[in-house]
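Inside the fold
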Amino acid sequence: MGKLHAMSANRQSGRKQHTPLAQARRVVIKVGSALLVDARTGRLNRAWLETLIADLLRLRRRGQQLILVSSGAIALGRRHLGLAPGPLRLEESQAAAAVGQIRLAHAYKELLEPHEVTVAQVLLTLEDSEQRTRYLNARATLETLLALGALPVINENDTVATAEIRYGDNDRLAARVAQMASADCLVLLSDVDGLYTADPNRDPQAQFIERVEEITPQIEAMAGRPSSDLGSGGMATKIAAARIAVGAGCHMCIAAGHHRHPLKHLEGRGRSTWFMPHSTPVAARKQWIAGTLRPAGAVHIDAGALQALHSGRSLLPAGVTGTRGRFESGDTISVLSADGIEVARGVTAYSDQDTSRIMGRRSIEIATLLGFHGREELIHRDDLVILRPQPVPPAAAVSVSEAAP
Ligand code: GLU
(Lines give C-alpha, C1' and ligand atoms only; values in the text may rest on other atoms or scores of the structure.)
Protein backbone atom coordinates (compact mmCIF):
# COMPACT_ATOMS: atom_id res chain seq x y z
CA MET A 1 0.00 0.00 0.00
CA GLY A 2 2.76 2.41 1.07
CA LYS A 3 4.65 1.70 -2.11
CA LEU A 4 1.65 2.37 -4.25
CA HIS A 5 1.04 5.64 -2.43
CA ALA A 6 4.62 6.83 -2.98
CA MET A 7 4.44 5.84 -6.61
CA SER A 8 1.29 7.73 -7.39
CA ALA A 9 2.38 10.80 -5.42
CA ASN A 10 5.59 11.00 -7.47
CA ARG A 11 3.82 10.47 -10.70
CA GLN A 12 1.37 13.22 -9.89
CA SER A 13 3.74 15.87 -8.58
CA GLY A 14 4.96 17.04 -12.00
CA ARG A 15 1.55 17.98 -13.34
CA LYS A 16 -0.12 19.26 -10.22
CA GLN A 17 -0.33 22.89 -11.33
CA HIS A 18 -2.45 21.75 -14.23
CA THR A 19 -5.08 19.90 -12.24
CA PRO A 20 -8.68 20.70 -13.10
CA LEU A 21 -8.86 22.49 -9.75
CA ALA A 22 -6.25 25.08 -10.73
CA GLN A 23 -7.88 25.65 -14.09
CA ALA A 24 -11.50 25.86 -12.98
CA ARG A 25 -13.41 29.10 -13.13
CA ARG A 26 -16.07 28.01 -10.68
CA VAL A 27 -15.41 25.42 -7.97
CA VAL A 28 -17.74 23.66 -5.54
CA ILE A 29 -16.06 22.27 -2.43
CA LYS A 30 -17.88 19.81 -0.22
CA VAL A 31 -16.71 19.28 3.33
CA GLY A 32 -17.86 16.23 5.25
CA SER A 33 -19.03 16.10 8.87
CA ALA A 34 -16.17 13.83 9.91
CA LEU A 35 -13.71 16.61 9.03
CA LEU A 36 -15.60 19.49 10.56
CA VAL A 37 -16.66 17.93 13.81
CA ASP A 38 -14.43 16.15 16.32
CA ALA A 39 -15.92 12.67 16.76
CA ARG A 40 -14.83 12.49 20.39
CA THR A 41 -15.99 15.89 21.67
CA GLY A 42 -18.73 16.71 19.15
CA ARG A 43 -17.20 20.18 18.77
CA LEU A 44 -16.15 22.05 15.66
CA ASN A 45 -12.55 21.41 14.50
CA ARG A 46 -11.88 25.11 14.41
CA ALA A 47 -8.11 24.97 13.97
CA TRP A 48 -8.53 22.75 10.90
CA LEU A 49 -11.37 24.87 9.56
CA GLU A 50 -9.14 27.94 9.73
CA THR A 51 -6.68 26.26 7.38
CA LEU A 52 -9.47 25.37 4.95
CA ILE A 53 -10.65 28.98 5.01
CA ALA A 54 -7.08 30.13 4.23
CA ASP A 55 -7.15 27.81 1.20
CA LEU A 56 -10.51 29.17 0.06
CA LEU A 57 -9.21 32.73 0.31
CA ARG A 58 -6.21 31.77 -1.82
CA LEU A 59 -8.45 30.33 -4.53
CA ARG A 60 -10.58 33.45 -4.49
CA ARG A 61 -7.47 35.62 -4.79
CA ARG A 62 -6.50 33.79 -7.96
CA GLY A 63 -9.88 34.74 -9.38
CA GLN A 64 -11.86 31.54 -8.84
CA GLN A 65 -15.51 31.61 -7.84
CA LEU A 66 -16.30 29.31 -4.93
CA ILE A 67 -19.30 27.60 -3.45
CA LEU A 68 -18.95 25.63 -0.26
CA VAL A 69 -21.23 22.72 0.54
CA SER A 70 -20.84 22.08 4.24
CA SER A 71 -22.14 19.19 6.27
CA GLY A 72 -21.84 19.09 10.02
CA ALA A 73 -25.14 20.54 11.23
CA ILE A 74 -26.44 17.29 12.70
CA ALA A 75 -23.07 16.25 14.12
CA LEU A 76 -22.63 19.67 15.74
CA GLY A 77 -26.17 20.03 17.04
CA ARG A 78 -26.66 16.65 18.69
CA ARG A 79 -24.37 17.37 21.63
CA HIS A 80 -26.35 20.50 22.54
CA LEU A 81 -29.55 18.48 22.68
CA GLY A 82 -27.94 15.78 24.79
CA LEU A 83 -28.58 13.09 22.16
CA ALA A 84 -26.76 9.83 22.88
CA PRO A 85 -24.10 8.57 20.43
CA GLY A 86 -25.27 6.22 17.69
CA PRO A 87 -27.88 6.44 14.94
CA LEU A 88 -30.59 9.10 15.33
CA ARG A 89 -34.27 8.89 14.46
CA LEU A 90 -35.28 11.23 11.63
CA GLU A 91 -36.97 13.70 14.01
CA GLU A 92 -33.86 13.74 16.17
CA SER A 93 -31.63 14.45 13.17
CA GLN A 94 -33.96 17.26 12.15
CA ALA A 95 -33.86 18.76 15.62
CA ALA A 96 -30.06 18.40 15.79
CA ALA A 97 -29.72 20.06 12.37
CA ALA A 98 -31.79 23.04 13.54
CA VAL A 99 -29.42 23.54 16.47
CA GLY A 100 -26.20 22.74 14.60
CA GLN A 101 -26.86 24.75 11.42
CA ILE A 102 -26.95 28.06 13.25
CA ARG A 103 -23.60 27.27 14.85
CA LEU A 104 -22.12 26.15 11.56
CA ALA A 105 -23.23 29.29 9.74
CA HIS A 106 -21.96 31.43 12.57
CA ALA A 107 -18.52 29.78 12.44
CA TYR A 108 -18.20 30.47 8.70
CA LYS A 109 -19.29 34.07 9.14
CA GLU A 110 -16.85 34.61 12.01
CA LEU A 111 -13.93 33.13 10.12
CA LEU A 112 -14.58 34.80 6.77
CA GLU A 113 -15.78 38.25 7.70
CA PRO A 114 -12.39 39.50 8.96
CA HIS A 115 -11.19 38.84 5.39
CA GLU A 116 -14.03 40.90 3.98
CA VAL A 117 -15.78 37.90 2.49
CA THR A 118 -19.56 37.95 2.82
CA VAL A 119 -20.98 34.54 3.64
CA ALA A 120 -24.41 33.56 2.33
CA GLN A 121 -26.28 30.62 3.83
CA VAL A 122 -28.35 28.62 1.34
CA LEU A 123 -30.39 25.64 2.57
CA LEU A 124 -31.70 23.39 -0.18
CA THR A 125 -34.00 20.39 -0.35
CA LEU A 126 -34.20 17.68 -2.98
CA GLU A 127 -37.16 19.45 -4.57
CA ASP A 128 -35.05 22.53 -5.21
CA SER A 129 -32.92 20.50 -7.54
CA GLU A 130 -35.67 18.32 -9.04
CA GLN A 131 -38.50 20.75 -9.62
CA ARG A 132 -37.78 23.01 -12.55
CA THR A 133 -39.06 26.36 -11.28
CA ARG A 134 -37.35 25.92 -7.95
CA TYR A 135 -34.20 24.71 -9.67
CA LEU A 136 -34.18 27.85 -11.81
CA ASN A 137 -34.74 30.06 -8.79
CA ALA A 138 -31.96 28.45 -6.80
CA ARG A 139 -29.69 28.70 -9.84
CA ALA A 140 -30.47 32.41 -10.27
CA THR A 141 -29.85 33.09 -6.58
CA LEU A 142 -26.47 31.35 -6.67
CA GLU A 143 -25.53 33.25 -9.82
CA THR A 144 -26.45 36.55 -8.17
CA LEU A 145 -24.56 35.77 -4.98
CA LEU A 146 -21.44 34.89 -6.96
CA ALA A 147 -21.75 37.97 -9.16
CA LEU A 148 -21.92 40.09 -6.01
CA GLY A 149 -18.80 38.44 -4.61
CA ALA A 150 -20.44 36.51 -1.75
CA LEU A 151 -19.42 33.00 -0.75
CA PRO A 152 -22.47 30.71 -0.71
CA VAL A 153 -22.31 28.08 2.04
CA ILE A 154 -24.85 25.38 1.29
CA ASN A 155 -26.35 22.55 3.28
CA GLU A 156 -29.45 20.45 2.95
CA ASN A 157 -32.43 21.93 4.75
CA ASP A 158 -32.48 18.92 7.06
CA THR A 159 -35.01 20.39 9.46
CA VAL A 160 -37.83 20.33 6.91
CA ALA A 161 -36.69 17.49 4.66
CA THR A 162 -38.63 14.34 5.50
CA ALA A 163 -37.37 10.85 4.70
CA GLU A 164 -38.93 10.68 1.22
CA ILE A 165 -37.71 14.04 0.05
CA ARG A 166 -34.27 13.96 1.54
CA TYR A 167 -30.86 13.66 -0.04
CA GLY A 168 -29.50 12.56 3.31
CA ASP A 169 -25.95 12.94 2.04
CA ASN A 170 -24.19 16.05 0.89
CA ASP A 171 -22.18 14.27 -1.82
CA ARG A 172 -25.10 14.15 -4.23
CA LEU A 173 -26.37 17.51 -3.05
CA ALA A 174 -22.95 19.00 -3.87
CA ALA A 175 -23.06 17.43 -7.34
CA ARG A 176 -26.50 18.92 -7.97
CA VAL A 177 -25.20 22.28 -6.81
CA ALA A 178 -22.25 21.95 -9.20
CA GLN A 179 -24.67 21.17 -12.02
CA MET A 180 -27.01 23.99 -11.03
CA ALA A 181 -24.16 26.50 -10.92
CA SER A 182 -22.47 25.16 -14.10
CA ALA A 183 -19.29 24.67 -12.06
CA ASP A 184 -16.27 23.16 -13.79
CA CYS A 185 -14.85 21.45 -10.74
CA LEU A 186 -16.27 19.71 -7.68
CA VAL A 187 -14.00 18.64 -4.82
CA LEU A 188 -15.35 16.20 -2.24
CA LEU A 189 -13.16 16.56 0.84
CA SER A 190 -13.67 13.40 2.77
CA ASP A 191 -12.14 10.97 5.23
CA VAL A 192 -11.03 8.76 2.34
CA ASP A 193 -8.38 9.79 -0.17
CA GLY A 194 -10.08 8.38 -3.22
CA LEU A 195 -11.33 5.27 -4.94
CA TYR A 196 -9.72 1.86 -4.57
CA THR A 197 -10.37 -1.31 -6.52
CA ALA A 198 -11.53 -2.85 -3.20
CA ASP A 199 -11.89 -1.74 0.41
CA PRO A 200 -8.27 -0.98 1.43
CA ASN A 201 -9.08 -1.64 5.10
CA ARG A 202 -9.91 -5.26 4.30
CA ASP A 203 -8.04 -6.09 1.14
CA PRO A 204 -4.26 -5.52 1.12
CA GLN A 205 -4.28 -5.97 -2.68
CA ALA A 206 -6.60 -2.98 -3.15
CA GLN A 207 -5.19 -0.53 -5.70
CA PHE A 208 -5.68 3.18 -5.78
CA ILE A 209 -7.34 4.70 -8.85
CA GLU A 210 -6.12 8.16 -9.87
CA ARG A 211 -8.36 8.89 -12.78
CA VAL A 212 -11.74 7.65 -13.97
CA GLU A 213 -12.59 8.42 -17.59
CA GLU A 214 -15.82 6.42 -17.66
CA ILE A 215 -18.05 5.36 -14.76
CA THR A 216 -18.51 1.74 -15.70
CA PRO A 217 -20.46 -0.89 -13.68
CA GLN A 218 -17.01 -2.12 -12.62
CA ILE A 219 -16.21 1.27 -11.09
CA GLU A 220 -19.60 1.29 -9.39
CA ALA A 221 -18.93 -2.12 -7.93
CA MET A 222 -15.80 -0.75 -6.25
CA ALA A 223 -17.85 1.49 -3.96
CA GLY A 224 -17.61 0.11 -0.45
CA ARG A 225 -19.66 0.88 2.61
CA PRO A 226 -19.59 4.20 4.52
CA SER A 227 -16.34 4.50 6.43
CA SER A 228 -17.24 7.06 9.08
CA ASP A 229 -19.81 7.33 11.84
CA LEU A 230 -20.48 11.03 11.51
CA GLY A 231 -21.24 11.50 7.83
CA SER A 232 -23.91 9.64 5.96
CA GLY A 233 -22.24 9.31 2.56
CA GLY A 234 -20.00 6.42 1.60
CA MET A 235 -18.21 5.65 -1.63
CA ALA A 236 -21.54 4.74 -3.25
CA THR A 237 -22.94 8.26 -2.84
CA LYS A 238 -19.64 9.67 -4.12
CA ILE A 239 -19.88 7.61 -7.29
CA ALA A 240 -23.51 8.71 -7.67
CA ALA A 241 -22.29 12.29 -7.26
CA ALA A 242 -19.61 11.70 -9.89
CA ARG A 243 -22.26 10.54 -12.35
CA ILE A 244 -24.22 13.76 -11.88
CA ALA A 245 -21.11 15.95 -12.02
CA VAL A 246 -19.47 14.49 -15.12
CA GLY A 247 -22.85 14.38 -16.86
CA ALA A 248 -22.97 18.13 -16.29
CA GLY A 249 -19.51 18.65 -17.76
CA CYS A 250 -17.90 19.11 -14.34
CA HIS A 251 -14.66 17.49 -13.13
CA MET A 252 -15.01 15.79 -9.78
CA CYS A 253 -12.39 14.75 -7.30
CA ILE A 254 -12.43 12.73 -4.10
CA ALA A 255 -9.62 13.69 -1.74
CA ALA A 256 -8.72 13.25 1.89
CA GLY A 257 -9.56 16.41 3.76
CA HIS A 258 -8.03 15.82 7.18
CA HIS A 259 -4.69 17.46 6.36
CA ARG A 260 -4.27 21.03 7.41
CA HIS A 261 -4.77 23.21 4.30
CA PRO A 262 -6.54 20.38 2.50
CA LEU A 263 -6.79 22.16 -0.87
CA LYS A 264 -3.14 23.15 -0.85
CA HIS A 265 -2.36 19.55 -0.02
CA LEU A 266 -4.50 18.39 -2.93
CA GLU A 267 -2.70 20.73 -5.31
CA GLY A 268 0.66 19.72 -3.93
CA ARG A 269 1.54 16.13 -3.31
CA GLY A 270 -1.80 14.87 -2.07
CA ARG A 271 -3.39 12.08 -3.99
CA SER A 272 -6.95 11.98 -5.16
CA THR A 273 -9.25 10.31 -7.63
CA TRP A 274 -10.39 12.51 -10.51
CA PHE A 275 -13.54 11.77 -12.51
CA MET A 276 -13.23 13.31 -15.97
CA PRO A 277 -16.16 14.80 -17.89
CA HIS A 278 -16.51 14.50 -21.66
CA SER A 279 -17.76 18.02 -22.25
CA THR A 280 -17.93 21.46 -20.66
CA PRO A 281 -20.76 22.60 -18.34
CA VAL A 282 -22.27 24.86 -21.01
CA ALA A 283 -22.04 22.19 -23.72
CA ALA A 284 -23.58 19.58 -21.37
CA ARG A 285 -26.46 21.89 -20.54
CA LYS A 286 -27.06 22.72 -24.19
CA GLN A 287 -26.94 19.05 -25.12
CA TRP A 288 -29.57 18.35 -22.51
CA ILE A 289 -31.79 21.16 -23.85
CA ALA A 290 -31.36 20.06 -27.47
CA GLY A 291 -32.17 16.48 -26.47
CA THR A 292 -35.53 17.32 -24.87
CA LEU A 293 -37.88 14.82 -26.46
CA ARG A 294 -41.05 16.82 -26.24
CA PRO A 295 -40.76 20.59 -25.73
CA ALA A 296 -43.66 21.81 -23.60
CA GLY A 297 -44.73 24.52 -26.07
CA ALA A 298 -43.36 27.09 -28.44
CA VAL A 299 -42.95 30.78 -29.18
CA HIS A 300 -42.93 32.49 -32.57
CA ILE A 301 -40.30 35.16 -33.08
CA ASP A 302 -39.77 37.93 -35.65
CA ALA A 303 -36.89 38.33 -38.08
CA GLY A 304 -35.01 40.78 -35.84
CA ALA A 305 -35.04 38.33 -32.92
CA LEU A 306 -33.90 35.51 -35.22
CA GLN A 307 -30.95 37.62 -36.28
CA ALA A 308 -30.15 38.38 -32.61
CA LEU A 309 -30.21 34.66 -31.72
CA HIS A 310 -27.85 33.89 -34.58
CA SER A 311 -25.42 36.48 -33.32
CA GLY A 312 -25.35 34.74 -29.92
CA ARG A 313 -27.78 36.94 -28.02
CA SER A 314 -30.64 36.03 -25.69
CA LEU A 315 -34.29 35.97 -26.70
CA LEU A 316 -36.07 39.05 -25.34
CA PRO A 317 -39.85 39.38 -25.03
CA ALA A 318 -39.70 42.20 -27.62
CA GLY A 319 -38.96 39.72 -30.42
CA VAL A 320 -41.77 37.29 -29.60
CA THR A 321 -44.91 37.46 -31.75
CA GLY A 322 -46.97 34.58 -30.34
CA THR A 323 -47.08 31.50 -28.12
CA ARG A 324 -48.23 27.95 -28.76
CA GLY A 325 -49.29 25.38 -26.14
CA ARG A 326 -49.11 25.58 -22.35
CA PHE A 327 -45.79 25.95 -20.62
CA GLU A 328 -44.41 27.01 -17.27
CA SER A 329 -41.29 28.92 -16.38
CA GLY A 330 -38.42 26.42 -16.42
CA ASP A 331 -39.87 24.32 -19.25
CA THR A 332 -37.94 23.66 -22.43
CA ILE A 333 -39.76 25.21 -25.37
CA SER A 334 -39.26 25.47 -29.13
CA VAL A 335 -38.47 28.76 -30.82
CA LEU A 336 -40.19 29.05 -34.20
CA SER A 337 -39.33 31.45 -37.01
CA ALA A 338 -42.07 33.49 -38.71
CA ASP A 339 -42.61 30.62 -41.18
CA GLY A 340 -43.08 28.10 -38.37
CA ILE A 341 -39.69 26.35 -38.56
CA GLU A 342 -38.09 25.31 -35.26
CA VAL A 343 -34.91 27.36 -35.22
CA ALA A 344 -33.90 27.01 -31.57
CA ARG A 345 -34.81 25.46 -28.28
CA GLY A 346 -34.40 26.80 -24.79
CA VAL A 347 -35.51 27.02 -21.19
CA THR A 348 -38.11 29.73 -20.76
CA ALA A 349 -38.15 32.09 -17.81
CA TYR A 350 -41.89 32.77 -18.24
CA SER A 351 -45.09 30.73 -18.61
CA ASP A 352 -47.13 30.93 -21.81
CA GLN A 353 -49.62 33.24 -20.08
CA ASP A 354 -46.97 35.65 -18.84
CA THR A 355 -45.25 35.48 -22.23
CA SER A 356 -48.42 36.58 -24.01
CA ARG A 357 -48.61 39.58 -21.69
CA ILE A 358 -45.04 40.73 -22.25
CA MET A 359 -44.43 39.73 -25.88
CA GLY A 360 -43.61 42.56 -28.24
CA ARG A 361 -42.82 44.79 -25.27
CA ARG A 362 -39.54 46.08 -23.94
CA SER A 363 -37.95 44.32 -20.96
CA ILE A 364 -38.19 47.40 -18.73
CA GLU A 365 -41.98 47.14 -18.99
CA ILE A 366 -42.07 43.60 -17.51
CA ALA A 367 -42.57 44.75 -13.92
CA THR A 368 -45.55 46.96 -14.86
CA LEU A 369 -47.10 44.31 -17.11
CA LEU A 370 -46.75 41.37 -14.74
CA GLY A 371 -46.67 43.01 -11.34
CA PHE A 372 -43.27 41.54 -10.44
CA HIS A 373 -39.66 42.12 -11.42
CA GLY A 374 -38.97 39.16 -13.67
CA ARG A 375 -35.90 38.39 -15.74
CA GLU A 376 -35.01 40.57 -18.67
CA GLU A 377 -34.77 37.68 -21.12
CA LEU A 378 -37.44 35.20 -22.06
CA ILE A 379 -34.66 32.69 -22.82
CA HIS A 380 -31.15 33.47 -21.69
CA ARG A 381 -28.44 32.69 -24.26
CA ASP A 382 -26.87 30.10 -21.90
CA ASP A 383 -30.20 28.28 -21.89
CA LEU A 384 -30.65 28.42 -25.65
CA VAL A 385 -29.54 26.08 -28.43
CA ILE A 386 -29.63 27.08 -32.09
CA LEU A 387 -30.87 24.13 -34.12
CA ARG A 388 -30.32 25.44 -37.61
CA PRO A 389 -27.48 27.42 -39.07
CA GLN A 390 -28.33 30.90 -40.25
CA PRO A 391 -29.73 30.94 -43.79
CA VAL A 392 -27.59 33.02 -46.17
CA PRO A 393 -29.37 36.37 -46.67
CA PRO A 394 -30.21 36.95 -50.36
CA ALA A 395 -28.13 40.17 -50.59
CA ALA A 396 -25.00 38.39 -49.34
CA ALA A 397 -25.61 35.52 -51.78
CA VAL A 398 -25.76 37.99 -54.67
CA SER A 399 -22.58 39.80 -53.68
CA VAL A 400 -20.73 36.46 -53.39
CA SER A 401 -21.80 35.37 -56.88
CA GLU A 402 -21.01 38.80 -58.30
CA ALA A 403 -17.53 38.69 -56.83
CA ALA A 404 -16.87 35.23 -58.23
CA PRO A 405 -14.75 35.11 -61.42
N1 GLU B 1 -26.76 17.61 5.97
C2 GLU B 1 -26.13 16.86 7.00
C3 GLU B 1 -25.58 17.77 8.09
O4 GLU B 1 -25.32 18.91 7.86
C5 GLU B 1 -24.96 16.05 6.52
C6 GLU B 1 -25.21 15.10 5.42
C7 GLU B 1 -23.95 14.28 5.14
O8 GLU B 1 -23.38 13.74 6.05
O9 GLU B 1 -23.51 14.25 3.98
O10 GLU B 1 -25.36 17.37 9.20
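Just so you know, these numbers come straight off a predicted model, no measurement behind them.

A word on the site of the ligand
Lining the immediate surroundings of the ligand are 12 residues, of which A73, I74, N155, D158 and N170 lie closest. In this structure, G72 approaches the ligand through a main-chain N or O atom, which is 3.2 Å from an oxygen atom. Here a nitrogen atom of the ligand and a side-chain polar atom of D158 are 2.8 Å apart. Relative to its free-state accessible area of 300 Å², the ligand is covered by the protein chains to the extent of 96%. For the shell around the ligand, the class distribution of residues is two nonpolar, eight polar and two charged.

Quick word on the packing of aromatic side chains
Scanning the model with the defined rule gives one aromatic pair in all. Measuring from centroid to centroid gives 5.1 Å for Y196 and F208, while their planes differ by 75°, and the two rings are edge-to-face. In this pair, Y196 sits in strand β6 (residues 195-196) while F208 sits in strand β7 (residues 208-209), placing the two residues 12 residues apart along the sequence. For the pair Y196 and F208, one class covers both residues: buried. Seen from the ring of F208, R271 lies directly overhead, with NZ or CZ sitting 4.1 Å from the centre.

As for the nonpolar core
Formed by 41 residues in total, the largest nonpolar core has its most connected members in I154, V177, L186, L195, M252 and F275. Of all the secondary-structure elements, those providing two or more residues to this core are β2 (65-70), β3 (119-124), α8 (132-147), α9 (170-180), β5 (185-190), α11 (235-247) and β9 (251-256). A per-element tally of this core places α11 first, with seven residues. Every residue in contact with F275, bar those within four places of it in the chain, is listed here: L195, V212, I215, I239, A242, V246, C250, H251, M252 and I254. Among the nonpolar cores identified, the runner-up in size contains 39 residues, and L57, L68, A73 and L76 belong to it.

Overview of the state of the cysteines
What the rule picks out here adds up to zero disulfides. Left without a disulfide partner, C250 is nearest to the cysteine sulfur of C185, which lies 6.2 Å away. Residue C250 is classed as buried on the basis of its relative accessible area of 0%. Summary of cysteine pairing: C253 is not part of a disulfide, and the nearest cysteine sulfur, belonging to C185, is at 6.6 Å.

Calculation rules
Residues numbered from 1 in each chain as written. Predicted model: local features only at pLDDT ≥ 70, side-chain atom pairs only at ≥ 80, totals over all residues. Heavy atoms only, no water. Near = heavy atom within 4 Å. Polar contact = N/O pair within 3.5 Å; in protein donor to acceptor, adjacent residues only side chain to side chain. Areas by Shrake-Rupley, 256 points an atom, 1.4 Å probe, with all protein chains shown as cover. Nonpolar A, V, L, I, M, F, W, Y, C, P; charged D, E, K, R; others polar. Phe/Tyr/Trp six-rings, centres within 6.5 Å; stacked < 30°, edge-to-face > 60°. Helix = DSSP H or I, 4+ residues; strand = E, 2+ residues; numbered from the N terminus. Buried < 20%, exposed > 50% of the residue type's maximum accessible area, 1.4 Å probe, protein only. Lys NZ or Arg CZ within 6 Å of the ring centre and 35° of its normal. Core = buried A, V, L, I, M, F, W, Y, C linked by side-chain atoms within 4.5 Å. Contact = heavy atoms within 4.5 Å. Disulfide = S-S within 2.5 Å.

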